[in-house]
Amino acid sequence: MPEYHEEVHSRGQQTIGVWGTFASAFTVGPLTLAQHTTDVAAIVTAATARDTQQDAVDDARAAREANFNFLSDLGVRAPRAIEGQIAADDDLHGAIDDVRAIEATSQDNAQARIRRVISLWTRVNTQRTGATPPLTALLVGTTTVAHLQTALDNHPILMQTVENEKAELNQKRAALRNAASKVDQNNKRWFAAWEGNFADGTPERDALSQIDTGPQTPEPSPLAIATVTPQAGGHFSVVFTAGGGAHATTRQLLWQVEGVDADFTHPIALTDTSPKHVTSGAAADVTVRFKTLVSNSVGTTESAVVEAVAAA
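Since the structure is predicted, the reported quantities are computational estimates derived from the model, not experimental observations. (Residues numbered from 1 in each chain as written. Predicted model: local features only at pLDDT ≥ 70, side-chain atom pairs only at ≥ 80, totals over all residues. Heavy atoms only, no water.)

A. Broad picture of the sheet that holds strand E5 (residues 276–279). Ordered by their spatial adjacency, three strands build an open sheet running E1-E2-E5, and the pairing between neighbours is antiparallel. Whereas interior strands pair on both sides, the edge strands pair on one side only; in this sheet they are strand E1 (225–231) and E5. For this sheet the average axis-to-axis angle between neighbouring strands, irrespective of direction, equals 25°. As paired elements, E1 and strand E2 (residues 235–240) share six bridges and run antiparallel to each other. Across the sheet, the residue bridging to Val228 is Val238, located in E2. (Pairing = 2+ DSSP bridges. Helix = DSSP H or I, 4+ residues; strand = E, 2+ residues; numbered from the N terminus. Axes fitted to C-alpha atoms, helices over the stretch in contact; angles between N-to-C directions.)

Right, here's the structure in full:
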């Protein structure tokens, strides 16, 4: 289904066709055919800018999530690798317990856990250097502690980039919405002025049959969540209500882990409304909240929040 701005653009082109063919000097207040033509073309420019910026947001999120997944993975594997390398009575086992006390269920928690991992790993490398004979610095797979430190240092930058790109996207969406709204209003003003100016039965009046005055895209309807079923290990199956999210061009499922996340900081893009599997990272018996966010060029609609408790 066409977006609001696409319908407005199409009607604008129809308006320009009639206006330019039958009475190009006709004006609507200060609005001329030339100005309206410029305004209609600006919709395409604004739509392209929005779409390009949406790609920038998607790329920024992908980079952040790839780094987050790397940190989360090393946050689990590195302590395990270290545990296997040190003696059973080594005091560093206490530091391993400290690492495991932090659940990497959010961006901030993952970074906090990695800071402890790096501290532990650095101590292990010092211990290995002082051994007789000396041992090389520990690798986890092919990853060094320096590599992990770099990923940790980069993560706040990646997080900020996402927020910066999202803010820019909001501006681009607003610019598209404003461009379409301006043309929509002028399309309708022109139609009324033209209809009143030319008598019934004249070629000018008959030409209005070319103008599509049908309904335009409204704001998207909510994409309601029908059920959320907990599965083992902090996993959930999310089922959506049939027919939800009408008129939406983008759809997202978001979730928030109670006591961990300050807001709904975990988004998943939805390409359709089929059931979605979610790996929340929540510990057993912790409440996780879910909602959807759907949007088009007219506006954005949130669903009601649905809660579920993570299973062991």
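B. Quick look at the nonpolar core. Counting 25 residues, the largest nonpolar core has Trp19, Phe26, Trp190 and Trp194 as its most contacted members. For this core, the secondary-structure elements that each account for two or more residues are helix H1 (4–22), helix H2 (33–85) and helix H5 (145–197). Each residue touching Trp190, except ones within four places of it in the same chain, is listed here: Thr15, Val18, Trp19, Phe26, Val28, Leu208 and Ile211. (Core = buried A, V, L, I, M, F, W, Y, C linked by side-chain atoms within 4.5 Å. Buried < 20%, exposed > 50% of the residue type's maximum accessible area, 1.4 Å probe, protein only. Contact = heavy atoms within 4.5 Å.)

C. Spatial organisation of the packing of aromatic side chains. Under the definition given, this model contains six aromatic pairs. Look at Trp194 and Phe198: their rings are 4.7 Å apart centre to centre, the planes differ by 55°, and that puts the pair in the tilted class. On the basis of relative accessibility, which here comes to 0%, the residue Trp194 falls in the buried class. An aromatic cluster of at least three residues, connected via ring pairs, comprises Trp19, Phe26, Trp190, Trp194 and Phe198. For the cation-ring pair, Lys291 lies above Phe264, with the distance from its terminal atom to the ring centre recorded as 4.5 Å. (Phe/Tyr/Trp six-rings, centres within 6.5 Å; stacked < 30°, edge-to-face > 60°. Lys NZ or Arg CZ within 6 Å of the ring centre and 35° of its normal.)

D. Geometry of unusual backbone geometry. Going from Thr132 to Pro133, the amide bond is cis rather than trans, its omega being -5°. Backbone geometry places His247, a non-glycine residue, at a positive phi of 75°. Structurally, the position occupied by His247 is in the loop between E2 and strand E3 (250–257). You can call His247 partly exposed: its relative accessible area is 27%. Look at Asp285: it is not a glycine, yet its phi comes out positive at around 75°. Mapping Asp285 onto the fold places it in the loop between E5 and strand E6 (287–295). Under the relative-accessibility criterion, Asp285 is labelled exposed at 68%.

E. Region of interest: the pairing of strand E4 (residues 266–269). Judged by which residues are buried, E4 turns out to be one-sided: His266 and Ile268 face inward and are buried, whereas Pro267 and Ala269, on the alternate face, are not. In this sheet, E4 lies alongside E3 in antiparallel orientation, the contact comprising four bridges. When the bridges of E4 are listed, Leu253 appears paired with Ile268.

Without other data, these values stay purely geometric and don't point to any function.
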